[in-house]
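# Chains, contacts and geometry: an overview
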Number of protein chains: 2
Amino acid sequence: METEKIEHYTLADIMHLEKRKKVNMINSLSGFRSVALIGSTDEDKKTNLAIFNSFVHIGSAPPCIGFISRPDIEDRHTVSNILRTGYYTINHISEEMYLQSHQTSARYPKDISEFDAVNLSPEFISGFQAPFVRESTIQIGLHFREQVPIKINGTILIVGEIQHIRFPIGCLCEDGFVDIEKAGSLTCSGLDSYHSTRRIQRLSYAKPYEALKNVPLDYKV
Amino acid sequence: METEKIEHYTLADIMHLEKRKKVNMINSLSGFRSVALIGSTDEDKKTNLAIFNSFVHIGSAPPCIGFISRPDIEDRHTVSNILRTGYYTINHISEEMYLQSHQTSARYPKDISEFDAVNLSPEFISGFQAPFVRESTIQIGLHFREQVPIKINGTILIVGEIQHIRFPIGCLCEDGFVDIEKAGSLTCSGLDSYHSTRRIQRLSYAKPYEALKNVPLDYKV
């Protein structure tokens, strides 16, 4: 890109944008995002499925993933299920199912399961009450641990501890790295742009005044 | 992928992994991540640059981006600068500069600026004290707004309000969407795997019982 020719928006410029343009612009800027389906059930074991794109790695000891929930009704079906039952799943999205996954963001009535509405299959495993998505190649089962309020706009960071991880054989490297590109996971930008990826390379741990090395993908057999 | 053949790790299996394997596995699972350089200065205006990969969209009104900081010394150079000065930048990473960007994660002494160590250029704009990265095509200037402690592991969510956005002409769409793929922004998975992207498509806002449509990229001229 020619970096000399730039557009510059100040906070005042942003605040003057029409609401939809502002939402699209700000949602684009945080960079490429993880995008996945959250599966949950209510007290009557009715299933719910919703797409989220604000996941964040929290830590590996204990193994935790967070996501941001907006304070609106669609997110609340998922969040109220999580707070009441304590369990939920995060399911990666691949090219074979991104249309159905995006469609879960439609505002279906509470009595309709998005699994049925978009034709994805709930999959239960013994001893874990939240539904995984059978069509998803990387599936994570979580136990709710912490709800962190963010004052500036009333959103909530929901933190869960990983209880189960399920992924295709052949995607795990000897050093523990799971190759989510090989598994077909997509990324998104903004609210609605879906992208596949092409690895450039893995890089070695950086040390001062030492050249970085390529880390070959050494799959576990 | 053949989804029938799966590997299954329970929390107990994860806890028994050697530390480095556990770190790599859990860091892979949150999905593709935004990765960017945070530029800051200390009270003496000495510049600091560090790579982070735990950014998350917080909201667009006010326009805010968050990132997770670990409770260790490397992240603390950046976070203590942010808490003391109130200002910092987030700069996307492209294929031309990902090696230098990854190298900023080396543990340089406090008196060495990573800009100098890795040969990236600080760029200042009038009235904003934190340095942008000249080589970065998408540059965001932020004002610190909120520090949110996460109890489960002592990490912190740092939330900043966007004050300035700078990106190449030709990347903005009429509806406000900024095409970060066109600008060359990369994504990462795990701690060290860098990926470029290929757009599948943008999808229309989902409504119940209506087919999704392709949203063409209508660049502003």
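Throughout what follows, the structure given in this document is the object of discussion. Everything quoted here is computed from the prediction, not taken from an experiment. (Residues numbered from 1 in each chain as written. Chains lettered and ligands numbered in written order. Predicted model: local features only at pLDDT ≥ 70, side-chain atom pairs only at ≥ 80, totals over all residues. Heavy atoms only, no water.)

### Details of the relation of the copies chain A and chain B
You can overlay chain A on chain B at an RMSD of 0.0 Å; the transform is a turn of 180 degrees with a shift of 0.0 Å along its axis. The superposition operator between the copies reduces to a two-fold rotation axis. It is Thr 197 of chain A whose C-alpha, among those of chain A, lies nearest the rotation axis, at 2.2 Å. Here 100% of the interface residues in chain A have copies in chain B that are interface residues too; the copies meet face to matching face. (Least-squares fit on C-alpha atoms with pLDDT ≥ 70 in both. Contact = heavy atoms within 4.5 Å.)

### A few points about the environment of Tyr 194 of chain B
Take Tyr 194 of chain B: it is sitting in strand E13 (residues 193-202). Among the residues examined, Tyr 194 of chain B registers a relative accessible area of 1% and is labelled buried. Residues Tyr 194 of chain B and Glu 95 of chain B lie 99 residues apart in sequence; the distance between their C-alpha atoms is 8.8 Å. Once residues within four sequence positions are removed from consideration, Tyr 194 of chain B is found in contact with Arg 198, Arg 199, Ile 200, Gln 201 and Leu 203 of chain A together with Val 35, Ile 51, Tyr 98, His 102, Thr 187 and Cys 188 of chain B. (Helix = DSSP H or I, 4+ residues; strand = E, 2+ residues; numbered from the N terminus. Buried < 20%, exposed > 50% of the residue type's maximum accessible area, 1.4 Å probe, protein only.)

### Some thoughts on unusual backbone geometry
Residues and elements named next belong to chain A. In this structure, Pro 62 follows Ala 61 across a cis peptide bond, with omega equal to 0 degrees. Tracing the backbone shows Pro 62 in the loop between strand E5 (55-60) and strand E6 (63-69). If you check the backbone angles, Tyr 209 has positive phi at about 60 degrees while not being a glycine. Structurally, Tyr 209 can be placed in the segment after strand E13 (193-202).

### Remarks on helix H2 (residues 19-29) of chain A
Residues and elements named next belong to chain A. Extensive coverage of H2 is indicated by the burial of eight of its 11 residues. Three or more residues of H2 are buried, namely Lys 22, Val 23, Asn 24, Met 25, Ile 26, Asn 27, Ser 28 and Leu 29. Gly 31 occupies a position one or two residues after H2 and carries a positive phi of about 100 degrees.

### A word on the side chain of Ser 185 of chain B
With respect to the element layout, Ser 185 of chain B can be found in the loop between strand E11 (156-168) and strand E12 (187-189). Side chain to side chain, Ser 185 of chain B and His 92 of chain B meet in a polar contact 2.8 Å long. Among all residues touching Ser 185 of chain B, those that are not within four sequence positions of it are Phe 32 of chain A together with His 92, Ile 93, Ile 138 and Ile 180 of chain B. (Polar contact = N/O pair within 3.5 Å; in protein donor to acceptor, adjacent residues only side chain to side chain.)

### Structural notes on the sheet that holds E13 of chain A
If you walk across this open sheet you meet the six strands as E2(A)-E12(A)-E13(A)-E13(B)-E12(B)-E2(B), and the pairing is antiparallel. Only two strands of the sheet have a single neighbouring strand rather than two, namely strand E2 (33-34) of chain A together with strand E2 (33-34) of chain B. Pairing between E2 of chain B and E12 of chain B: two bridges, direction antiparallel. When the bridges of E12 of chain B are listed, Ser 34 of chain B appears paired with Thr 187 of chain B. (Pairing = 2+ DSSP bridges.)

### Structural notes on the packing of aromatic side chains
Enumeration according to the criterion identifies 16 aromatic pairs over all chains in this entry. Measuring from ring centre to ring centre gives 5.4 Å for Tyr 87 of chain A and Phe 128 of chain A, while their planes differ by 85 degrees; the resulting arrangement is edge-to-face. Taken together, the residues Tyr 87 of chain A in strand E7 (residues 87-92) and Phe 128 of chain A in strand E9 (residues 128-133) connect sequence positions 41 residues apart. Ring geometry for Phe 67 of chain B and Tyr 88 of chain B: centres 6.1 Å apart, planes at 70 degrees, overall edge-to-face. Placement of the pair is Phe 67 of chain B in strand E6 (residues 63-69) and Tyr 88 of chain B in strand E7 (residues 87-92), with a sequence separation of 21 residues. Tyr 88 of chain B shares its class with Phe 67 of chain B; the two are buried. Here Lys 182 of chain A stacks its cationic end above the ring of Tyr 219 of chain A, 4.0 Å away from the centre of that ring. (Phe/Tyr/Trp six-rings, centres within 6.5 Å; stacked < 30°, edge-to-face > 60°. Lys NZ or Arg CZ within 6 Å of the ring centre and 35° of its normal.)

### Comments concerning the pattern of salt bridges
Inspection of the entire model under this criterion finds 20 salt bridges over all chains. Between Glu 123 of chain A and Arg 166 of chain A there is a salt bridge, with the nearest N and O atoms lying 3.1 Å from each other. Placement of the pair is Glu 123 of chain A in strand E8 (residues 122-125) and Arg 166 of chain A in strand E11 (residues 156-168), with a sequence separation of 43 residues. For Glu 43 of chain B, the salt bridge goes to Arg 84 of chain B, with nearest N and O atoms at 3.1 Å. Linking Glu 43 of chain B in the loop between strand E3 (36-41) and strand E4 (47-52) with Arg 84 of chain B in helix H3 (residues 73-85), this pair joins segments that are 41 residues apart in sequence. On the basis of relative accessible area, Glu 43 of chain B is assigned to the exposed category, the value being 52%. Judged by its relative accessible area of 57%, Arg 84 of chain B falls in the exposed class. Here the salt bridges do not stand alone but share partners, grouping Glu 123, Arg 134 and Arg 166 of chain A into one network. (Salt bridge = Lys/Arg side-chain N within 4 Å of Asp/Glu carboxyl O.)

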